[in-house]
Every structure is written in structure tokens, then in C-alpha cells.
Amino acid sequence: MLTQTTGTSIKKIITKITALVLAALLCLSMPFYAKAAQVTTSIYTSSKYTHNARFDGDVIENGIDISQHNGDINWAELKKTKTKYIIVRVGCRGYAAKGTLLKDKVFDENITNSLKNGFETGVYFYSQAVTEAEAKEEANFVLQYIKDYKFQLPVYYDYEFATYSGRLDTAWRNGTLNKEKMTNNALAFCNTIEDAGYKAGIYASKSFYEDNLIPDKLDSYAIWVAHYNSKTTYSGEYQAWQYSAKGKVDGIDGYVDSNFIYYKELTPLLSLKRFEIEDIKKQSYTGKEVKPSLKVLYNGKELIKGEDYYVSFENNINIGKAKVTVTGINDYEKFDKITKEFSIVPPKVTGLKLESRSANSLTVSWDKSEFANKYYVQVHRSSGWVKAGTTKNTSFEITDLASASNYRIRVRAYKTIDSNYYYGYYCDEIETATSPAKPTELSATNITPTSLKLNWKKQSNASYYEVYLYNTETKKSEFYSEVTGGKNNYLVVEGLLPNKRYSFKVRAYKNSKDGALLKSSKSDSFAAYTSLPAPEISSASSKAVKKITVNWKKVANASGYQIMWSTTKDFSSNYKTVNATGTSTTLTTAQSGKTYYVKVRTYKTRNDKKVYSPWSKTLSTKTK
């Protein structure tokens with residue numbers, strides 16, 4: 001650890017003693033550094049800076065801090081400079097009232113390149129926390145993004161005002177915050193970081209330390225002070241000094257924040273504890289003592305149980321928090337005991353099965369677990385595994401599903417103890433499908449007097465359909481035909497009688513991946529009529545100027561006739577129609593001396609709707 005001012009707390013004394021021991025142990029393995037001069041020239045600003053006398057003889061290293069605001073970095077060029085360390089921003093909390101937590105867009109890129117290029121590396125988070133709970137939330141936000149990286153310098157809490165209307169500024173002005181509360185926020189962040197095994201630090205300006213914090217309560221952490229001057233007059237403890245925001249360095253366009261860090265012959269600000277236990281996966285309850293295998297490291301080297309350490313467990317039978325303690329022996333006897341908590345969770349759910357299904361829901365059940373308060377159900381949708389819901393029961397209906405669709409389902413048990421949730425592992429998943437939906441929107445079009453084209457709304461997930469025709473003798477809907485392919489949503493029904501009412505129903509089927517053949521309920525009954533036969537046109541002749549007389553034979557049971565005439569043979573343009581009830585009509589045309597084409601069809605009015613027959617043959621005549 002760095003030299004601290006004399007304090008009254010045991011924690012500070014232990015921290016100093018530990019640092020001295022570590023320094024003595026490690027100095028032989030560290031490269032030799034030349035003694036620092038009291039005045040040095042910055043490699044970033046080319047200006048001279050006078051260092052506090054307390055750092056006489058210390059190693060002074062040049063470094064920068066970076067974030068997404070520094071843009072694209074040419075790491076090959078930056079590596080050629082005399083920069084020794086880089087502190088990378090993990091993210092920030094917005095200074096608006098909502099205070100959204102945001103990850104720095106290039107954090108992973110920056111920390112990966114910093115480590116890969118050999119820079120001593122640390123991280124920082126820009127805080128706008130106004131409560132201890134928010135500070136802890138920020139610390140946990142940081143921990144989730146740094147867990148995969150091994151870096152050397154601390155995790156810094158960047159605490160500063162943003163803007164007059166910002167959430168932190170406002171809380172200070174209106175008295176919601178004071179020095180003690182802001183100090184407690186910083187402590188909450190740092191303690192959460194250190195509880196996770198990292199070294200914590202605090203960054204703030206000289207005036208912020210003096211006016212808004214209580215520095216004496218913070219000096220067991222790594223202190224980084226910002227004071228833009230050729231010599232800082234900050235009298236509190238600090239180990240890093242940010243002296244300018246307008247440095248320049250190869251590899252980065254624009255200005256960079258420029259810093260000094262002071263070391264006592266070696267780097268004591270390691271972000272990770274030297275003696276550590278890797279994270280332990282949650283363990284399933286067995287009713288007996290749970291003793292998970294451990295991975296214990298010293299400076300990244302895996303140690304051997306029984307040779308380098310021994311292990312003891314506490315509270316490792318029941319569901320809840322258990323603790324393991326590792327005590328160094330032999331070459332590692334000099335180190336303090338270290339502990340790690342792990343969770344014992346309810347055992348896996350068994351007996352998951354499908355109970356029932358509908359077009360838009362699936363109901364599943366499972367065996368009861370005497371070790372759980374509740375169960376958490378997930379369903380796999382197109383977006384991936386999502387929560388379906390929780391229940392105290394051993395069955396659950398998953399709703400809002402697509403019809404005739406395959407789904408994967410899994411369940412885990414969990415127990416709540418002292419407001420903490422202990423989730424078991426998910427059981428083996430099952431795969432099943434919803435039923436097809438009942439076909440809707442049936443309609444029919446007349447093709448010939450003895451055939452109809454039956455249509456219905458397509459179900460993209462259906463495997464096939466069955467069409468049923470009502471039998472007037474048995475008074476039942478009977479199977480008529482199968483329509484293969486879920487996308488084929490029509491059937492031409494042939495062999496019917498003209499001018500007759502027919503009633504249809506349709507059912508959809510789905511071949512499920514679990515081997516079941518799923519069917520919908522039958523559609524609502526749909527009635528359609530075949531048409532009358534086409535009339536026989538007798539003659540079409542012009543006996544007066546712009547007049548055409550048309551004659552046809554009567555069709556029994558017809559409600560009327562429709563006559564169409566046109567100057568085009570295929571009736572694609574220049575056509576008109578007129579209805580008639582008899583078997584003859586006279587048409588008035590637009591032109592004389594012009595050839596016209598004429599055809600007739602029958603219609604039958606049913607429920608105010610006309611059902612048309614096919615057209616007759618076409619005759620032609622030239623008008624007078």
C-alpha cells in the first residue's frame with residue numbers, strides 16, 4: 001500500500017503493515033526504478049511540475065485516463081510513447097433525474113488493447129449517485145463488466161458535479177446531500193468493490209475533496225486527486241495526481257487527461273488480491289454437506305490443496321448462503337485466511353410434462369419439490385428463453401402463444417430466504433406444440449354450375465387441412481377431402497348439382513415434434529350455393545340506329561339475367577352491363593356502324609346476394 005497519514009482505525013494500521021510486508025516480499029522481483037526528481041517534465045504537456053516532498057524517492061509514472069470521448073486510438077503509436085499506465089472508463093450514470101446507468105461504448109475494446117499492449121491498467125466509473133443504494137448499484141454495474149479482465153490498478157469511483165441542473169448538483173444545493181452522505185456514498189461503492197476482491201479508489205477534484213467529502217474517512221482507499229496546476233496544494237492523502245486535461249500524446253487525436261502515479265519502488269495498487277478463490281458455481285441441495293471443488297490462486301498461479309492451503313466450510317448443508325475459508329500453509333502460511341460465499345439452491349425439478357394444449361396456450365406440470373417456495377417457468381420464443389411466469393403450484397399455463405407452433409419449456413425451483421432468492425438449475429427441457437387454430441373466414445366462388453372453390457384463412461404453421469361436407473341424409477358433416485400443405489388454403493369441390501345449397505366445415509392439423517398429431521376444432525359451418533346453368537343466347541341483331549336486340553332461352557328458377565356488350569371481343573374494355581327479367585332486351589349503343597359483342601348470364605338472388613351462372617357464348621352484330 002501507499003504511505004498513509006497516521007490514523008486511529010485498526011483497518012488503516014493493518015493496511016499499512018500488509019503493504020510493507022508485500023513490498024518487502026515483492027521488491028526483489030520488480031525492475032529497478034530510478035529515484036524520482038522533485039520536479040519533472042510532463043511527457044504530455046511539456047511543462048514542469050513540482051511534486052510534494054512526501055514523494056521524494058518514489059517512482060513517478062506517467063499515465064492517462066480514456067473513454068469513448070477519446071475516439072479511435074492508434075494503439076501501435078500509443079505503445080511507442082512513455083505512457084506507463086491507462087485508466088479506462090467502464091461507464092457512467094447519467095446526470096438527468098432518471099440517472100440511467102450506461103456502459104462506455106468502447107470499454108471492452110479499450111481495456112483489451114490496454115492490457116494487450118502492456119500498459120498497467122485500471123478502470124473508473126463516473127458516478128452521479130445521490131444515495132448509498134445507488135452507489136452500490138453502480139459498483140455492481142462495474143463488477144459485471146470487469147469480471148473477465150485481470151488488471152493491475154484500482155477500480156476508481158469518479159465523483160464530481162456535472163452541471164448546475166444535474167442530479168448530483170441539485171441534491172447538494174437543496175440539502176439532500178451533505179459531506180457525510182456523499183462520503184458514505186463513496187464508501188458504499190468502494191466497500192462493494194473490495195468485497196468482490198478488487199482494490200478500490202476514489203477520483204475527485206481538490207475542491208471536491210475539501211468541500212464535499214470527508215477525506216480522512218477515505219484514506220484507506222487509493223486516492224486520485226485532480227488539480228490543474230504546476231503544483232498541487234492538496235494536503236490530504238493521495239497516490240495519483242491529474243494535473244491537466246489538455247495533454248497530447250501520439251495515437252490519440254485531441255486532448256488527453258494527464259496524470260502522475262507515485263509508487264514505493266514497486267506497484268502496490270493491485271486491483272486483484274494476490275491470494276484468491278475463483279467464483280464458485282451455485283450448488284444443488286443434497287441433504288448432506290456440500291463441498292464444492294475450489295480453484296485457489298496466488299498471483300494467478302493455481303495452488304494445491306493440502307500442500308499450499310486447507311479448507312473449512314460453514315453453513316454448507318441447507319439451502320442458502322454457505323461459506324468456505326481457505327487458510328494458507330507451508331509457503332503460504334504468512335497470508336491471512338480468505339473466505340468465499342457460495343449458494344446452495346433447491347435441486348432440479350423433475351417430472352416436467354405436458355398436461356394440455358390449445359391453439360394459444362400450453363399447460364405443463366412437474367413433481368412437487370419440498371425444498372422450494374416457488375417455481376420459475378421459461379418458454380423459448382423466437383427471441384430466446386423468456387420468462388413465462390412464476391407459481392407456487394406444480395402446474396402452469398403458458399399463454400399468448402402462436403397457434404400450431406413448436407415451443408421448448410423448462411422450469412426451475414427457487415426459495416426465498418431473508419429477501420434473497422436462491423434459484424435452482426433448470427430441469428431438462430421438453431419440446432411440444434400448440435394446437436392449430438380453428439379455421440376462419442370461409443368463402444366460396446362459383447366456377448361452374450357443378451363446382452365451387454372453397455377458401456379459408458391460411459395458417460402458416462398448419463401441416464394440412466380436412467374439408468367436411470354436410471350430408472342432408474345423415475344430417476352430419478362428413479369428411480370430403482384432405483388438403484395437403486399448410487399454405488394451400490383452398491379446395492375445388494366438384495360433382496355438385498346446379499342451383500343447390502351446400503354446407504362446409506374445415507379443420508386444421510399439425511404434426512408436432514413430440515410425435516403428436518394435433519388438430520383444431522372444426523370451423524363454423526359455411527353455406528354456399530352452386531349457380532344456375534348458363535343461358536343459351538339465341539340472337540343479337542341491330543334493327544334500328546344504335547340499337548341491338550338480344551334474345552335468349554329461359555332458365556328455370558332464375559331471378560334474372562345480366563347482359564354485357566362491348567366493342568372488344570374479350571370484353572376487356574369499352575363494355576357495359578344491364579339486367580333483365582325476361583328473355584329479350586334492346587340495348588342502346590354509343591356508336592352506329594360499329595361491331596358489338598354480346599353475352600348473357602343467369603343469376604339467382606339469395607339473401608340479397610346474386611349468385612351468377614357462367615356466361616353464355618358470345619354473339620356479334622354491327623349496329624345501324
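See the structure above.
**A look at the pattern of salt bridges**
The tally for this structure, following the rule as stated, stands at 17 salt bridges. With a shortest N-O distance of 2.8 Å, D104 and R89 are connected by a salt bridge. Of this pair, D104 sits in the loop between β5 (101-103) and α3 (107-116) while R89 sits in strand β4 (residues 85-93), and the two are 15 residues apart along the sequence. Take D104: its relative accessible area is 2%, and that puts it in the buried class. The salt bridge partner of R408 is E429, with a shortest N-O separation of 2.6 Å. Within this pair, whereas R408 is found in strand β24 (residues 406-417), its partner E429 is found in the loop between β25 (420-423) and β26 (430-433), the two being separated by 21 residues in sequence. Members of the salt-bridge network, linked through shared partners, are R93, E137 and E138.

**Some remarks on the packing of aromatic side chains**
The final tally for this structure, using the stated rule, is 36 aromatic pairs. When the centroid spacing of 4.8 Å and the interplanar angle of 5 degrees are considered together, the rings of Y464 and Y509 count as stacked. You can see Y464 sitting in strand β29 (residues 464-471) and its partner Y509 sitting in strand β32 (residues 501-511), a full 45 residues away along the chain. The same class applies to Y464 and to Y509, which are both buried. The structure contains a cluster of three or more aromatic residues connected by ring pairs, namely Y157, Y159, F161, W172, F189 and F208. The lysine or arginine in question, R412, covers the ring of Y376, its NZ or CZ lying 4.8 Å from the ring centre. Here the guanidinium or amino end of K522 rests over the ring plane of Y468, the centre of that ring lying 4.1 Å away.

**Observations concerning helix α6 (residues 179-195)**
For α6, spanning 17 residues, the distance from its first C-alpha to its last is 24 Å, which sits close to the expected 24 Å at 1.5 Å a residue. What α6 keeps buried is the set M182, T183, N185, A186, L187, A188, F189, C190, T192 and I193. Each element contacted by the buried residues of α6 is listed here: β6 (120-127), α4 (132-146), β7 (155-159), α5 (167-173), β8 (200-205) and α7 (206-212). Two or three places before E180, at the start of α6, stands the capping residue N178, its side-chain oxygen 3.1 Å from that residue's backbone nitrogen.

Each value, and the rule that gives it
Residues numbered from 1 in each chain as written. Predicted model: local features only at pLDDT ≥ 70, side-chain atom pairs only at ≥ 80, totals over all residues. Heavy atoms only, no water. Salt bridge = Lys/Arg side-chain N within 4 Å of Asp/Glu carboxyl O. Helix = DSSP H or I, 4+ residues; strand = E, 2+ residues; numbered from the N terminus. Buried < 20%, exposed > 50% of the residue type's maximum accessible area, 1.4 Å probe, protein only. Phe/Tyr/Trp six-rings, centres within 6.5 Å; stacked < 30°, edge-to-face > 60°. Lys NZ or Arg CZ within 6 Å of the ring centre and 35° of its normal. Expected span 1.5 Å × (residues − 1). Contact = heavy atoms within 4.5 Å. Polar contact = N/O pair within 3.5 Å; in protein donor to acceptor, adjacent residues only side chain to side chain.

Remember that the coordinates give geometry; whether it matters functionally is a separate question.
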